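# Topology and contacts: notes
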Amino acid sequence: MKATKPVRKTAVKRDPEKTQARILAAATAEFAAKGFSGARTEQIAKRAKSNIRMLYHYHGGKDALYTRVLEDVLARLRAQELQLDFSSATPLEGILQLFDFIDGHFSTHPELLQLLAFENLNKAAHLRKSTRIPQQASPVLDLINTLLQRGQAEGVFRTGVDALHLYVSMVSLAYYGKSHAHTLSRIFKQDLLARDWQAAHREQNHQMLAGFLRHPQPPTKPSKRSKP
């Protein structure tokens, strides 16, 4: 009988970048679903098809990984904000396009809504630990200020509108109807996440923003009726 040759095991090539990315994606899903307290590192490692040792090796543990997830979702938002350009739009068109960007980002990134909700419950405890997030300055306020100044110079926007107040209002209009859609749908027996409902709500928000920003027109004087 011929001796059988031993089967050589092929060495598995490790890809640190892909492993880190899988762990980060798994952690984002786990933290978004359960929050920091409810999430389990064992489940994250399992989702990522990795192990606890790799999780700690690449991300330093649960606290550091959670902060990294928050940094990542906000960095992706900032990266998209940097692509915004309203130079060819009218001031009102620019504001409404910015609102549509915010509204669309929340629609396509529900994990951001969930993570921010959990972090607000924790009074931004992990956001305060981040050194990266304060450095990721958002260009949004500069964009809004530019549009407001153009609108005021053209006489189409009223004066005295603060960019930060306006941005928070825009985020509120885009956020609430999505983050509370499940409870509101149940209460009012209507699917608030349905595409047609969301489209109608977005159009109403457009009208509210336009009405708030428009320069008030002087009241028209009543025509004098000729005396009989």
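Residues numbered from 1 in each chain as written. Predicted model: local features only at pLDDT ≥ 70, side-chain atom pairs only at ≥ 80, totals over all residues. Heavy atoms only, no water.

## Quick look at the pattern of salt bridges
Applicable threshold: A pairing counts as a salt bridge when a side-chain nitrogen of Lys or Arg comes within 4 Å of a carboxyl oxygen of Asp or Glu. In this description a helix means any DSSP run of H or I spanning at least four residues, a strand means any run of E spanning at least two, and both kinds are numbered starting from the N terminus. Only protein chains enter the accessibility calculation, which uses a 1.4 Å probe. A residue is then buried if its area is under 20% of the maximum for its type, exposed if over 50%, and partly exposed in between.
Scanning the entire structure with this criterion turns up 10 salt bridges. A salt bridge links Glu71 to Arg132; its shortest N-O distance comes to 3.4 Å. Of this pair, Glu71 sits in helix H4 (residues 62-81) while Arg132 sits in the loop between helix H6 (110-121) and helix H7 (140-153), and the two are 61 residues apart along the sequence. Between Glu111 and Arg76 there is a salt bridge, with the nearest N and O atoms lying 3.7 Å from each other. Here the residue Glu111 occupies a position in helix H6, and Arg76 occupies one in helix H4, the gap between them amounting to 35 residues. Accessibility expressed as a relative area gives 31% for Arg76, which makes it partly exposed.

## A closer look at the packing of helix H1 (residues 16-38) against H6
Short version of the rule: For helices, the fitted line uses only the C-alpha atoms of the stretch in contact; every axis is such a line through C-alpha atoms, and the angle between N-to-C directions lies from 0 to 180 degrees. For classification, angles of less than 35 degrees are called roughly parallel, those exceeding 145 degrees roughly antiparallel, those between 65 and 115 degrees roughly perpendicular, and all remaining angles oblique. Helix crossings are classified by the rotation of the near helix relative to the far one: an anticlockwise turn of less than a right angle makes the crossing left-handed, while a clockwise turn makes it right-handed. Residues count as neighbours in contact if any of their non-hydrogen atoms are within 4.5 Å of one another. Amino acids are sorted into nonpolar (Ala, Val, Leu, Ile, Met, Phe, Trp, Tyr, Cys and Pro), charged (Asp, Glu, Lys and Arg) and polar (every other residue, Gly among them).
For the pair H1 and H6, the least separation of the axes is 8 Å and the interaxial angle reads 55°. The angle between H1 and H6 places the two elements in the oblique class. For the element pair H1 and H6, the recorded crossing hand is left-handed. When H1 is examined against H6, the residues Thr28, Phe31, Ala32, Ala33, Lys34 and Gly35 are found in contact with a partner set consisting of Glu111, Gln114, Leu115 and Phe118. Classifying every residue of the contact of H1 with H6 gives five nonpolar, three polar and two charged.

## Digging into the side chain of His109
On the secondary structure map, His109 appears in the loop between helix H5 (91-108) and H6. Excluding residues within four positions of it along the chain, His109 makes contact with Arg76 and Gln80.

## Some thoughts on the nonpolar core
This is how it is decided: Working definition of a nonpolar core: buried Ala, Val, Leu, Ile, Met, Phe, Trp, Tyr and Cys residues. They are joined through side-chain atoms within 4.5 Å.
In terms of nonpolar packing, the biggest core is built from 47 residues, with Phe31, Leu98, Ile144 and Leu166 touching the most fellow members. Secondary-structure elements contributing two or more residues to this core are H1, helix H3 (52-59), H4, H5, H6, H7, helix H8 (163-179) and helix H10 (195-213). Once residues lying within four places of it in the same chain are set aside, the contact partners of Leu98 are Leu84, Phe86, Val140, Ile144 and Met170.

## A few points about a nonpolar patch on the surface
To be explicit about the condition: Within this analysis, patches are made of residues with over 30% relative accessible area and no salt bridge. Like charges are joined at 9 Å or less; nonpolar side chains (Val, Leu, Ile, Met, Phe, Trp, Tyr) at 5 Å or less. Here the accessible surface of atoms and residues is derived via Shrake-Rupley with a 1.4 Å probe, and residues count as covered only by protein chains that are part of the display.
On the surface, Leu141, Leu164 and Val168 cluster together to form a nonpolar patch covering roughly 240 Å² of accessible area. The topology assignment puts Val168 in helix H8.

## A short note on unusual backbone geometry
Phi at Lys49 is positive, roughly 55°, even though this residue is not glycine. Structurally, the position occupied by Lys49 is in the loop between helix H2 (41-47) and H3. The exposure class assigned to Lys49 is exposed, which follows from its relative accessible area of 74%. The backbone of Ala124 shows a phi angle near 60°, a positive value even though the residue is not glycine. Mapped onto the fold, Ala124 is located in the loop between H6 and H7. Classification of Ala124 as partly exposed rests on a relative accessible area of 23%.

## Describing the packing of aromatic side chains
Convention followed: Stacked, tilted and edge-to-face are the three classes applied to pairs of Phe, Tyr and Trp rings, where Trp contributes its six-membered ring and a pair requires centres within 6.5 Å; stacked means planes under 30 degrees apart, edge-to-face means over 60, and tilted covers the rest. Lysine NZ or arginine CZ positioned within 6 Å of the ring centre and within 35 degrees of the ring normal marks a charge as sitting over the ring.
Per the stated rule, a full pass over the model turns up four aromatic pairs. Between Phe31 and Phe36 the ring centres are 6.3 Å apart and the planes differ by 20°, which places this aromatic pair in the stacked class. Comparing Phe31 with Phe36, the two get one shared label, buried. When the centroid spacing of 4.8 Å and the interplanar angle of 70° are considered together, the rings of Phe31 and Tyr66 count as edge-to-face. Here the residue Phe31 occupies a position in helix H1, and Tyr66 occupies one in helix H4, the gap between them amounting to 35 residues. Assessed through its relative accessible area of 0%, Tyr66 is described here as buried. Its guanidinium or amino end placed over the ring of Phe36, Lys62 lies 4.7 Å from that ring's centre, counting from NZ or CZ. Across from the ring centre of Phe212, 4.2 Å away, lies the NZ or CZ of Arg158, which sits over that ring.

## Here we look at the packing of H4 against H6
Packing of H4 against H6 brings their axes to within 11 Å, and their N-to-C directions diverge by 130°. By the angle between their directions, the pair H4 and H6 is classed as oblique. Classified by chirality, the crossing of H6 by H4 is left-handed. Contacts between H4 and H6 involve Tyr66, Val69, Leu70, Val73, Leu74, Arg76 and Leu77 from the former and Glu111, Leu112, Leu115, Phe118 and Glu119 from the latter. Residue composition of the contact of H4 with H6, by class: nine nonpolar, no polar and three charged.

Interpretation in functional terms is not warranted from these geometric data alone.
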